Amino acid sequence: MNFTTRLVLLAVFACSTTQSSSTYSKASFVPPAAPSITKAGWPSAANHPSRVQQQIATGYGTELFGKKKNVGGSSAVKTAGVPPVTKNGKIQIKMLTSVPNIGQAGDIIFVSSAVFQNQLQRQKKARLISAEEVANLEAEKQKEEAEATQKAVDTKKMMEEVMFESLGEECSTDQDICGVALTMKRKAGPEGNLFGGINPKMIMEELANTFPDGSWEGKQAKLTAMKDSDGKDVKKKDIKHTGEYTCVVKLGNDVDVTFILSVVAEE
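Residues numbered from 1 in each chain as written. Predicted model: local features only at pLDDT ≥ 70, side-chain atom pairs only at ≥ 80, totals over all residues. Heavy atoms only, no water.

(A) Inspection of the overall build of the protein chain at higher detail. Assigned secondary structure in the protein chain consists of five helices and twelve strands. Expressed as a percentage of its 267 residues, the buried residues of the protein chain come to 25%. Considering only contacts in the protein chain between residues 6 or more positions apart, those separated by 24 or more positions represent 48%. Surface accessibility of the protein chain: about 19,100 Å² in total, with carbon and sulfur atoms responsible for 53%. (Helix = DSSP H or I, 4+ residues; strand = E, 2+ residues; numbered from the N terminus. Buried < 20%, exposed > 50% of the residue type's maximum accessible area, 1.4 Å probe, protein only. Contact = heavy atoms within 4.5 Å. Areas by Shrake-Rupley, 256 points an atom, 1.4 Å probe, with all protein chains shown as cover.)

Here it is as structure tokens:
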């Protein structure tokens, strides 16, 4: 190939290159599309995927998937299919353990759904309670109170029978009460001064020993009054002398018994 032929080929190649380059348009920069945000916005902390997976695994908080219904001004909460009892925007619960400033174990109270979910339910310190369960508990409570009242009445009759059997000629009809129901023996000096006093707790213990079938259990049974033969109140002080003392014991609701305590010296 001679020099002239080479020049012709170079010219043809250059011409074809120019024509092919003219068919392409200049590239322009296309900016990336802005990320679109849905109307609901970013997932909230409550509905974050990681938390949702944990809720599904533990079975807690699954109602966060849907819109909560407003019942009585508070968010509806359901646990194990128990429909919540609402009042003034709060839900009714039963305390499982005592929590300061909220309630004691066994109390049935109303709290906000936020307090229940965030403070009590998570730590298993309370649970929801249905209206039917509350009604059953109330019926059971009334039954127990009726049984306790009847037992208190029976205890009073028991003590009054003992007092009637101990009546003596010295008991006059103008006395409000006579007949000894309880006798306590203590060491005493020649003038009747006791070596050690007798307090209300000792009297209640002696009543329980003397009348084992009586109603002495619970907070209701307590000594409410104690007077000496002169009518002086000695409840706040220990009995320091032999003699007879008029005592009043509360056995239950509206059930009181008045009896005579005889304190004698041991022989």
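Following the structure, the description resumes.
(B) Seen up close, the environment of Lys235. Structurally, Lys235 can be placed in the loop between strand S9 (222–227) and strand S10 (239–241). For the pair formed by Lys235 and Asn199, sequence separation is 36 residues and the distance between their alpha carbons is 7.8 Å. Those residues in contact with Lys235, other than ones at most four positions away along the chain, are Pro200, Leu223, Thr224, Ala225 and Met226.

(C) View of helix H5 (residues 200–210). Restricting attention to buried positions, one finds in H5 the residues Ile203, Met204 and Leu207. Seen from one end, H5 has its buried residues packed into an arc of 100 degrees, which puts them on one side. The exposed set on the far side of H5, more than 90 degrees from its buried face, consists of Lys201 and Asn209. (Arc of directions from axis to C-beta.)

(D) Region of the structure containing a negative patch on the surface. Together, Glu138, Glu140, Glu144, Glu145 and Glu147 give the surface a local cluster of negative charge. Mapped onto the fold, Glu147 is located in helix H4 (residues 131–165). (Patch = residues over 30% accessible without salt bridge, like charges linked within 9 Å, V, L, I, M, F, W, Y side chains within 5 Å. Salt bridge = Lys/Arg side-chain N within 4 Å of Asp/Glu carboxyl O. Lys, Arg positive; Asp, Glu negative; His and termini not counted. Charge placed at Lys NZ, Arg CZ, Asp CG, Glu CD.)

(E) Main features of the sheet that holds strand S12 (residues 255–265). Pairing in this open sheet of four strands is mixed, and the strands run S7-S12-S11-S9 from one edge to the other. A strand with exactly one partner marks an edge of an open sheet, and here the two such strands are strand S7 (180–186) and S9. Each strand of the sheet is rotated relative to its neighbour by a mean of 30 degrees, with strand direction disregarded. Taken together, the five bridges between S9 and strand S11 (residues 243–252) define a ladder with antiparallel strand orientation. By the bridge assignment, Met226 is partnered in S11 with Cys247. Strands in contact with H4 are S7, S11 and S12; relative to S12, the strand with the most contacts, it is inclined by about 40 degrees. Packing of H5 onto the sheet brings it into contact with S7, S9, S11 and S12, and relative to S7 it is tilted by some 115 degrees. (Pairing = 2+ DSSP bridges. Axes fitted to C-alpha atoms, helices over the stretch in contact; angles between N-to-C directions.)

(F) Quick look at H4. Taking 1.5 Å of rise per residue, 35 residues should cover 51 Å, and H4 covers 51 Å from first to last C-alpha, within 8% of that figure. Residues of H4 that are buried include every one of Val134, Ala152, Thr155, Met159 and Met163, and no others. Check the buried side of H4 and you find it contacts strand S4 (90–95), strand S5 (108–111), S7, H5, S11 and S12. (Expected span 1.5 Å × (residues − 1).)

(G) Spatial organisation of the environment of Lys222. Looking at the secondary structure, you find Lys222 in strand S9. When its relative accessible area of 45% is taken as the criterion, Lys222 is described as partly exposed. Separated by 22 residues in the primary sequence, Lys222 and Pro200 have C-alpha atoms spaced 8.4 Å apart. Ignoring anything within four residues of it in the chain, the contact list for Lys222 reads Met204, Val248, Val249 and Lys250.

(H) Geometry of the nonpolar core. Counting residues in hydrophobic clusters, the biggest one holds 30 residues, and the most contacted among them are Ile203, Leu207, Ile239, Val249, Phe259 and Leu261. Contributing elements (two or more residues each) for this core: H4, S7, strand S8 (193–198), H5, S9, S11 and S12. Every residue in contact with Leu261, bar those within four places of it in the chain, is listed here: Leu182, Met184, Ile203, Ile239, Gly243, Glu244, Tyr245 and Cys247. Ranked by size, the runner-up nonpolar core spans ten residues in total, among them Ile93, Val111, Phe116 and Ala126. (Core = buried A, V, L, I, M, F, W, Y, C linked by side-chain atoms within 4.5 Å.)

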